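# Coordinate inspection notes
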Amino acid sequence: MAASSKRKKNPTRVSGNPAKRVSGNPANTPVIEAGPVTIGDWIGAARLRTLPLAIAPVVIGTGAARSTGPEFHWVIALACLAVAVLLQIGVNFANDYSDGIRGTDAVRVGPARLTASGRVKPRTVLIIGLVFFALAAVVGLLIVIRTEQWWLLAVGAACIVAAWFYTGGKRPYGYFGLGEVFVFVFFGLVATLGTTWVQVFQLPQQAWLGAIAAGLFACAVLLANNLRDIDQDRLVGKRTLTVLIGRRPTQALFTLFVLVPFGILAFIALLYPIAWVGLLALLAGLPAILIVWTYRQAKELVIALALTSLTALLYAGALFWAFAG
């Protein structure tokens, strides 16, 4: 019997032009479309496991504000929380877009991204990110109007600019080993101190201490993320701090970033004894450190990332209880 000239259909589809390759992908592999995008894919792109990093500084900052007096500005506190969460989600979608069009996410260990997978048009992902940035800006503007702290408009603009240029633009700072610096400043200092300031118009010592702790936890999460992607980032030329210093120094730095906040906690507990409850956060932090030092497969670091985020949230809750109690 003569062989049939018909080829068997391949269920795996290539997004767009089958001959199109991803720029920056050393393997020069095509973008594979794994099927229609689902609600779960959109939720995954929002990277909900990172949201504790947005919530923690607001909780700490609100607790520090409460420590200055009994009045609780709950409307402003909730508005700060909304700004932080909306910005975080906006950053995540912006990163999905920017890394996707560069080809950085074409070879990755973590969950597939919308842009890199080819299932969603890059422009659509970008628009979603910009919508979240816009919503954060609107809520932030309402806070400024309510508090009449007009100079905060510049701070809000700086937050959005920093969020975009983490992976966006021609020379994103996240590609040149500066991600941890900006994360510490904006997810730690700005988010925590800003939350305290708009509520009580002062920055007590406890706000500064809590801001440093929040920033260190955020940096630890970023290190875990970049350690997971170190091999892929090297291949595509993404020079994160982890790529620049290597695995062992990254593991040591991660450990330092997770444990130093508990040294700060011990100091805070001298004035606010309830803060000792925050040591319970080590139940999540210590396993994260163990995974970072003993992992065999990069995907194990996803668990370390989630545990570190949980550590930050538990720590923040303990400080709020101590400051507001």
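This report concerns the structure included in the present document. Computed from a predicted model, the values in this text were never measured in an experiment.

Reading guide: rules and limits
- Residues numbered from 1 in each chain as written.
- Predicted model: local features only at pLDDT ≥ 70, side-chain atom pairs only at ≥ 80, totals over all residues.
- Heavy atoms only, no water.
- 1 Å grid on protein atoms, 1.4 Å probe; cavity = no way out; pocket = protein on both sides within 12 Å on 5 of 7 lines; lining within 4 Å.
- Points joined across faces, edges and corners; volume = space filled by probe spheres on them.
- Helix = DSSP H or I, 4+ residues; strand = E, 2+ residues; numbered from the N terminus.
- Nonpolar A, V, L, I, M, F, W, Y, C, P; charged D, E, K, R; others polar.
- Expected span 1.5 Å × (residues − 1).
- Buried < 20%, exposed > 50% of the residue type's maximum accessible area, 1.4 Å probe, protein only.
- Contact = heavy atoms within 4.5 Å.
- Phe/Tyr/Trp six-rings, centres within 6.5 Å; stacked < 30°, edge-to-face > 60°.
- Lys NZ or Arg CZ within 6 Å of the ring centre and 35° of its normal.
- Core = buried A, V, L, I, M, F, W, Y, C linked by side-chain atoms within 4.5 Å.
- Salt bridge = Lys/Arg side-chain N within 4 Å of Asp/Glu carboxyl O.

## Notes on empty space enclosed by the protein
All told, the structure shown has one cavity of 30 Å³ or more when counted by the stated rule. Its volume calculated, the largest cavity comes out at about 40 Å³. If you list the elements that add at least two residues to the lining of the largest cavity, you get helix 7 (179–200) and helix 8 (205–228). Residue classes in the lining of the largest cavity are distributed as three nonpolar, five polar and two charged.

## Section: helix 2 (residues 52–66)
Look at helix 2: 21 Å from first C-alpha to last across 15 residues, which is about the 21 Å you get at 1.5 Å a residue. Of all 15 residues in helix 2, 12 are buried; the element is thus mostly enclosed. The set of residues buried in helix 2 consists of Pro 52, Leu 53, Ala 54, Ala 56, Pro 57, Val 58, Ile 60, Gly 61, Thr 62, Gly 63, Ala 64 and Ala 65. For helix 2, the secondary structure elements touched by its buried residues are helix 3 (74–102), helix 7, helix 8 and helix 13 (300–324).

## Examining the packing of aromatic side chains
Two aromatic rings, taken as a pair, are described by how far apart their centres are and by the angle between their planes. Summed over all chains, the structure comprises 12 aromatic pairs. In this structure, Arg 171 packs its charged tip against the face of Phe 176, placed 4.7 Å from the ring centre.

## What to know about the nonpolar core
Membership of the largest hydrophobic core comes to 49 residues, with the highest contact counts inside it found for Phe 254, Ile 268, Ala 275, Leu 301, Tyr 315 and Leu 319. Those elements that provide at least two residues to this core are helix 2, helix 7, helix 8, helix 11 (247–269), helix 12 (282–294) and helix 13. With 15 residues, helix 8 is the single largest residue contributor to this core. With 30 residues, the next largest nonpolar core counts Ile 89, Tyr 97, Val 139 and Leu 152 among its residues.

## Some remarks on the pattern of salt bridges
As enumerated under the stated definition, the model contains three salt bridges in all. Of the charged contacts, one joins Lys 238 and Asp 99 as a salt bridge, the two residues approaching to 3.7 Å between their closest N and O atoms. Of this pair, Lys 238 sits in the loop between helix 9 (230–236) and helix 10 (241–245) while Asp 99 sits in helix 3, placing them 139 residues apart in sequence. What makes Lys 238 buried here is its relative accessible area of 8%. A relative accessible area of 5% means that Asp 99 is categorised as buried. Arg 228 is the salt-bridge partner of Asp 229, the closest N and O atoms lying 2.9 Å from each other. Residue classification places Asp 229 among the buried residues on the basis of a relative accessible area of 8%.

Taken by themselves, the reported measurements are silent on function.
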